[in-house]
Amino acid sequence: MQSIFTRFIALSAIVLSSTSFSYAQAKSANVQLSAGIYVIHAEVAATDAERQQGLMMRTKLASNEGMVFDFGAPAGVCMWMKNTLIPLSVAFIDTEGKIVNIEDMQPETTDSHCAKKVVRYALEMNQGWFKQKNIKSGSKIEGLPLRP
C-alpha cells in the first residue's frame, strides 16, 4: 500500500513540475517603461493568447510591475477582470504614448472598462498606482514596444 502512495506522490510531483515549467516557458517578454520619474517593469502581451490571459490567476503584482497590452494598431479597446484576482488600474494609451483615460477595475468581474477613443496600448498596474504617482490623462508613457 505504501509503494502505491509513494508512486502517486512521485507522479504528482512530476506533473506539477511539468506544469510549472510550461507556465515559465509561456511567460511574456518584458519591457522597461517610464512615466515621468517612475520606472515600470512590464510584461508585454502582444499576441491574442497573451492578451486573453493577461494577469489572470495572479495573486500579487510587485509595486512597480504591470502588464502592457500592445494591440498592434489603434483600436477600440475594452478590458475586464474575469479570473483576475487582484484589483488593477488600467491606463489606455494612444500611439504617441499619451494616456487617454485611466479606469479602476475590481477583481473577478466582467464589467467592461473602455478607452474613450481608439488606442494602441493598455497598461495594467496595481489599483491606485497611477493616482498615487499623480499620473493622469495626458501623461506620457515612454518605452512602449513598437512593432509594425
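Use the structure listed above.
Residues numbered from 1 in each chain as written. Predicted model: local features only at pLDDT ≥ 70, side-chain atom pairs only at ≥ 80, totals over all residues. Heavy atoms only, no water.

Colleague: Lay out the overall build of the protein in plain terms, naming residues and giving numbers.
Modeller: What the protein contains, in helices and strands, is three helices and eight strands. Overall, the protein shows an N-to-C arrangement of helices and strands of α-β-β-α-β-β-β-β-β-β-α. Considering only contacts within the protein whose residues lie at least 6 apart along the sequence, 67% involve residues at least 24 apart. Accessible surface, the protein as shown: approximately 8900 Å² in total, 57% of it carbon and sulfur. (Helix = DSSP H or I, 4+ residues; strand = E, 2+ residues; numbered from the N terminus. Contact = heavy atoms within 4.5 Å. Areas by Shrake-Rupley, 256 points an atom, 1.4 Å probe, with all protein chains shown as cover.)

Colleague: Mind laying out the sheet that holds strand E3 (residues 65-75), listing which residues take part and the relevant values?
Modeller: Ordered in space as E1-E2-E3-E8-E5-E6, the six strands form an open sheet in which the pairing is mixed. The sheet is open, and its two edges are formed by strand E1 (30-35) and strand E6 (99-105), each paired on a single side. Direction aside, neighbouring strands of the sheet carry axes that sit 30° apart on average. (Pairing = 2+ DSSP bridges. Axes fitted to C-alpha atoms, helices over the stretch in contact; angles between N-to-C directions.)

Colleague: Account for the layout of surface pockets, with residues named and values stated.
Modeller: Considered as a void within the structure, the largest pocket measures approximately 290 Å³ in volume. Surrounding the largest pocket, 17 residues form its lining, Arg 51, Gln 52, Phe 69, Met 79 and Trp 80 being those nearest its centre. Secondary-structure elements contributing two or more residues to the lining of the largest pocket are helix H2 (48-53), E3 and strand E4 (78-79). Take the lining of the largest pocket: its biggest share by element is three residues, from H2. Classifying every residue of the lining of the largest pocket gives 10 nonpolar, four polar and three charged. (1 Å grid on protein atoms, 1.4 Å probe; cavity = no way out; pocket = protein on both sides within 12 Å on 5 of 7 lines; lining within 4 Å. Points joined across faces, edges and corners; volume = space filled by probe spheres on them. Nonpolar A, V, L, I, M, F, W, Y, C, P; charged D, E, K, R; others polar.)

Colleague: Pulling in residues and values, what's your account of the nonpolar core?
Modeller: Core analysis: the largest hydrophobic core is formed by 19 residues, its most contacted members being Leu 33, Ile 40, Val 68, Ile 93, Leu 123 and Ile 141. Those elements that provide at least two residues to this core are E1, strand E2 (38-45), strand E5 (88-93), strand E8 (119-126) and helix H3 (129-132). Among all residues touching Val 68, those that are not within four sequence positions of it are Val 31, Leu 33, Ala 42, Glu 43, Val 44, Ala 45, Tyr 121, Ala 122, Leu 123, Leu 144 and Pro 145. Counting residues in each nonpolar core, the second largest holds 17 residues, with Leu 61, Val 77, Ile 86 and Leu 88 among its members. (Core = buried A, V, L, I, M, F, W, Y, C linked by side-chain atoms within 4.5 Å. Buried < 20%, exposed > 50% of the residue type's maximum accessible area, 1.4 Å probe, protein only.)

Colleague: Outline the side chain of Thr 109, supporting the account with residue identities and numerical values.
Modeller: Tracing the backbone shows Thr 109 in the loop between E6 and strand E7 (113-114). Polar side-chain contacts of Thr 109 include one of 2.9 Å to the backbone oxygen of Gln 106. With near-sequence residues (within four places) excluded, Thr 109 lies in contact with Trp 80, Met 81 and Lys 82. (Polar contact = N/O pair within 3.5 Å; in protein donor to acceptor, adjacent residues only side chain to side chain.)

Colleague: Summarise the pattern of salt bridges; cite the residues concerned and give the values.
Modeller: Under the criterion given, the structure shown has three salt bridges. Across the pair Arg 58 and Glu 43 runs a salt bridge, and its minimum N-O distance is 2.9 Å. Of this pair, Arg 58 sits in the loop between H2 and E3 while Glu 43 sits in strand E2; the two residues are 15 residues apart in sequence, bridging distant segments of the chain. We classify Arg 58 as buried; its relative accessible area is 17%. Judged by relative accessible area, Glu 43 falls into the buried class, the value being 9%. In this structure, Asp 70 engages Arg 120 in a salt bridge whose closest nitrogen and oxygen atoms are separated by 3.0 Å. Here Asp 70 is found in strand E3, whereas its partner Arg 120 is found in strand E8, with 50 residues between them in sequence. (Salt bridge = Lys/Arg side-chain N within 4 Å of Asp/Glu carboxyl O.)

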